Amino acid sequence: MKIAILASEGAPYAKSGGLGDVMEALPAALARIPGNQVALLLPYYKKIKDNPVYPVEQVAQFYVALGWRQQYAGIYRLTGRTDGVQVYFIDNLYYFGAREGAIYGDLDDGERFAYFSKACLDALVALDYIPDVIQCNDWQTSLVPVFLKAQYYPLFPNTKCMYTIHNIEYQGWAHGDFFDDVLALPWEYRSCLDMNHSVNTMKGAIETADLVTTVSESYARELMYPYYAHGLQGVLCANAGKLTGITNGIDTNTFNPQTDPALPAHYNSQSFATGKAACKAALQEEVGLPVEPDVPLLVMVTRLAGHKGLDLLCHIARQLIEQETCQLLILGTGEAHYEQFFLDFQAEFPDRVCAKITFNLALAARIYAGGDIYLMPSKSEPCGLSQMNAMRYGTVPVVHATGGLRDTVPGVDENGQNGLGFTFQSYNADDFFGALKRCLDLYRNHRECFRSLQYTDMQQDFSWDKPAERYMELFRRMLGQ
Ligand code: GLC
């Protein structure tokens, strides 16, 4: 099958969050399936362009019509990749190539990614790569199925389009004028993009794509409700027949405690007792916490954003440190008030609390390995990847039972068995604390059970092999095969 994957970020070239990880592993997993041809199209951001480890050759150039604008596009093929995925970068100095800093957040993001979506379709034509299936992701490429239906249909008569929602919070809202000024689509496409007289590009994708997926089965169900769907519940209910959840995997080659170059000691599910103890001691030393092998080390690697459940953690933090003998280590950056909270908390309890307000992938790996208990009380979580990383490294998760957390971390019973971690159902601080206390009790008073839970967690198959097969099933369904 000929597949084109379109996204605004993909590791290792450009990544701001989980979408970037998925765009690293999913194309590779699809390319491993015999008979598949996979192309991945990404913007040519300045930081990719400036990076000498990504050699490219130019393979096409043309102009993209965007309303009254004619914008240049250069197509560059990455030459160094050997795993069967053809990576193409879309070059435009104005939209991507000359901008410093974060990849999103500019005032003209709507226009930038409308350009990217259209340029991708033009690029496929220029490359004479007419795929069976286009898979596009999140609001940034949500105009792809709309353009495909409205304007590119004759060039792609047999191509089907899957649209994947990684997070419904960011929908691609624009002023109503955007429709004529930037998109210049035939008027009959106004209604699929219109929401309260503004343009909502994610709505357009849900209505025009052949299938819509999201990144876990529970999140697919949750999206039917206003609490989770941020206004799009009606659109999703009306299109429920098209919506499926496929739970993400993780890159089990990168995230492998037996080989991870970031770790001071290596281990597997047989040897983790000594391996993890060595990683824990080294981690405590590295971050300046007392090296105490039997004090439970609670860890969190996260963006410091409200929906990650930080309000719950802040609420119980003092009680936790005063009532329970434990250490708390947090790595991440984000909203200033959370950064300040954890820095102040560290200043108050320097022997118990450590806040690393930075982005550091190697330290993140050492935290997955050196921690005992992984906290992820997210208010909502489409899938979440770090709970799977943590389990792969033998760190027991405590999670809010929502979205992908519910699907990947079934809760244990009262004996700490028949599950993979500790869960709480309703989003409140007491319930979170309750789940955490049950976990601490197992750690302190039933260490053998805790060890066997760690073992079970490490035994799970979180690889992309099965999810990639599920994507293939849906691709075949779209193609009527
Ligand atoms: C988004 C979601 C996260 C998911 C990731 C990859 O970042 O918030 O839950 O794991 O996308 O699909």
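Peer 1: Requested: an account of the overall build of the protein chain, with residues and values cited.
Peer 2: A count of helices and strands for the protein chain gives 20 helices and 18 strands. Taken over the C-alpha trace, the protein chain has a radius of gyration of 23 Å; the compact-globule value for 481 residues is 23 Å, and the two agree within 12%. Reported as C-alpha extents along the three principal axes, the dimensions of the protein chain are approximately 65 × 45 × 45 Å. Looking at the protein chain alone, contacts between residues at least 24 apart form 72% of all its contacts between residues at least 6 apart. Approximately 18,800 Å² of the protein chain is accessible, and the part contributed by carbon and sulfur atoms is 50%. For the protein chain, the distance from the average site of its 38 positive side-chain charges to the average site of its 54 negative ones is 3 Å.

Peer 1: I'd love a proper account of the nonpolar core, names of residues and values included.
Peer 2: By size, the foremost hydrophobic cluster in this structure holds 101 residues, and its most contacted members are Leu30, Ile90, Leu183 and Phe475. Setting aside residues up to four positions removed in sequence, Leu183 forms contacts with Ala114, Leu143, Phe147, Phe178 and Leu193. Membership of the second largest hydrophobic core comes to 39 residues, among which are Tyr338, Phe342, Phe345 and Phe432.

Peer 1: Residue-level account of the environment of Leu40, with values.
Peer 2: By the secondary structure assignment, Leu40 is in strand 2 (residues 37-43). Along the primary structure Leu40 and Ile5 are separated by 35 residues, whereas in three dimensions their C-alpha atoms are 4.8 Å apart. Those residues in contact with Leu40, other than ones at most four positions away along the chain, are Ile5, Met23, Pro27, Val85, Gln86, Val87 and Tyr88.

Peer 1: Tell me about unusual backbone geometry, residues and numbers included.
Peer 2: With an omega of 0°, the peptide bond running from Ala11 to Pro12 counts as cis. Of note in this structure, Asn418 is not a glycine but carries a positive phi near 60°. For Asn418, the location among the structural elements is in the loop between helix 17 (403-408) and strand 18 (422-424).

Peer 1: Would you mind going over the domain arrangement of the protein chain in detail, with residue names and values included?
Peer 2: When cut into domains, the protein chain gives domain 1 (2-249 + 465-478) and domain 2 (272-458). Spacing between the C-alpha centres of domain 1 and domain 2 amounts to 33 Å. If you look at the interface, domain 1 gives 18 residues, while domain 2 gives 16 residues. Summed over both sides, the interface between domain 1 and domain 2 buries roughly 1,200 Å², with carbon and sulfur atoms accounting for 57% of that surface. Our count for the domain 1 to domain 2 interface comes out at 0 salt bridges. Viewed at the interface, domain 2 and domain 1 are joined by 8 residue pairs in polar contact (both at pLDDT 80 or more). Contributing elements (two or more residues each) for the side of domain 1 that touches domain 2: helix 1 (18-31), helix 9 (217-222) and helix 10 (226-229). Tallying contributions element by element places helix 9 first for the side of domain 1 that touches domain 2, with 4 residues.

Peer 1: Summarise the environment of Asn137; cite the residues concerned and give the values.
Peer 2: Turning to its location among the elements, Asn137 is positioned in strand 6 (residues 133-137). Judged by relative accessible area, which is 0%, Asn137 ranks as buried. For the pair Asn137 and Ser271, spaced 134 residues apart in the sequence, the C-alpha separation amounts to 39 Å. Residues in contact with Asn137, not counting those within four places in the same chain, are Ile5, Leu6, Ala7, Leu19, Met23, Tyr163, Thr164 and His166. Of the polar contacts made by the side chain of Asn137, one reaches the backbone oxygen of Leu6; its length is 3.0 Å.

Peer 1: How would you explain the site of the ligand if you had to name every residue and give the values?
Peer 2: The local shell around the ligand consists of Gly18, Leu19, Val22, His166, Asn167, Val215, Asn248, Glu381, Pro382, Cys383, Gly384 and Leu385. Between the ligand and His166 there is a distance of 2.7 Å, counted from an oxygen atom to a side-chain nitrogen or oxygen. Expressed as a share of its isolated accessible area of 310 Å², the protein-covered part of the ligand is 92%. Residues of the shell around the ligand, tallied by class, amount to 6 nonpolar, 5 polar and 1 charged.

Peer 1: How would you sum up the sheet that holds strand 14 (residues 327-331)? Please name residues and give values.
Peer 2: An order of 15-14-13-16-17-18 is seen for the 6 strands of this open sheet, with the pairing classed as parallel. Looking at the sheet topology across the chains shown, the edges are occupied by strand 15 (353-356) and strand 18. Geometrically, the sheet is characterised by an average inter-axis angle of 15° between neighbouring strands, direction not taken into account. Across 4 bridges, strand 14 lies against strand 15 in parallel orientation. Within the sheet, the bridge partner assigned to Ile330 lies in strand 15 and is Ala355. Contacts between helix 13 (residues 310-323) and the sheet are confined to strand 13 (297-301), strand 14, strand 15, strand 16 (373-376) and strand 18, with strand 13 contributing the most and set at about 160° to the helix.

Peer 1: How would you sum up the layout of surface pockets? Please name residues and give values.
Peer 2: By volume, the second largest pocket amounts to about 340 Å³. Taken together, 17 residues form the lining of the second largest pocket, with Thr247, Asn248, Asp461, Lys466 and Pro467 sitting closest to its centre. Where the lining of the second largest pocket is concerned, the elements lending two or more residues are helix 17 and helix 20 (465-478). Counting residues per element, the lining of the second largest pocket draws most heavily on helix 20, which supplies 3 residues. Within the lining of the second largest pocket, the residues separate by chemical class into 6 nonpolar, 6 polar and 5 charged.

Peer 1: Quick one: what's the story with empty space enclosed by the protein, residue by residue and with numbers?
Peer 2: Counting across every chain of the model gives 1 cavity of 30 Å³ or more. Taken as a whole, the largest cavity holds about 40 Å³ of empty space.

Peer 1: Let's hear about the sheet that holds strand 1 (residues 2-6): which residues, and what values?
Peer 2: Sheets are built from strands that pair by backbone hydrogen bonding, the pairs being arranged parallel or antiparallel. If you walk across this open sheet you meet the 9 strands as 3-4-5-2-1-6-7-11-12, and the pairing is mixed. Bordering the open sheet on either side are strand 3 (56-66) and strand 12 (243-245), each of which pairs with just one other strand. The average undirected angle you get between the axes of adjacent strands in this sheet is 25°. Where strand 3 and strand 4 (residues 69-78) come together, 10 bridges link them in antiparallel fashion. The residue of strand 4 that forms the bridge with Val64 is Gln71. Contacts between helix 4 (residues 109-126) and the sheet are confined to strand 1, strand 2, strand 3, strand 4, strand 5 (85-91) and strand 6, with strand 3 contributing the most and set at about 120° to the helix. Against the sheet, helix 5 (residues 144-152) touches strand 1, strand 6 and strand 7 (160-165), its axis set at about 140° to strand 6.

What counts, and where the lines are drawn
- Residues numbered from 1 in each chain as written.
- Predicted model: local features only at pLDDT ≥ 70, side-chain atom pairs only at ≥ 80, totals over all residues.
- Heavy atoms only, no water.
- Helix = DSSP H or I, 4+ residues; strand = E, 2+ residues; numbered from the N terminus.
- Rg over C-alpha atoms; globule rule 2.2 N^0.38 Å.
- Contact = heavy atoms within 4.5 Å.
- Areas by Shrake-Rupley, 256 points an atom, 1.4 Å probe, with all protein chains shown as cover.
- Lys, Arg positive; Asp, Glu negative; His and termini not counted.
- Charge placed at Lys NZ, Arg CZ, Asp CG, Glu CD.
- Core = buried A, V, L, I, M, F, W, Y, C linked by side-chain atoms within 4.5 Å.
- Buried < 20%, exposed > 50% of the residue type's maximum accessible area, 1.4 Å probe, protein only.
- Domains from an automatic or database assignment.
- Buried area = accessible area lost by both parts, 1.4 Å probe.
- Salt bridge = Lys/Arg side-chain N within 4 Å of Asp/Glu carboxyl O.
- Polar contact = N/O pair within 3.5 Å; in protein donor to acceptor, adjacent residues only side chain to side chain.
- Near = heavy atom within 4 Å.
- Nonpolar A, V, L, I, M, F, W, Y, C, P; charged D, E, K, R; others polar.
- Pairing = 2+ DSSP bridges.
- Axes fitted to C-alpha atoms, helices over the stretch in contact; angles between N-to-C directions.
- 1 Å grid on protein atoms, 1.4 Å probe; cavity = no way out; pocket = protein on both sides within 12 Å on 5 of 7 lines; lining within 4 Å.
- Points joined across faces, edges and corners; volume = space filled by probe spheres on them.

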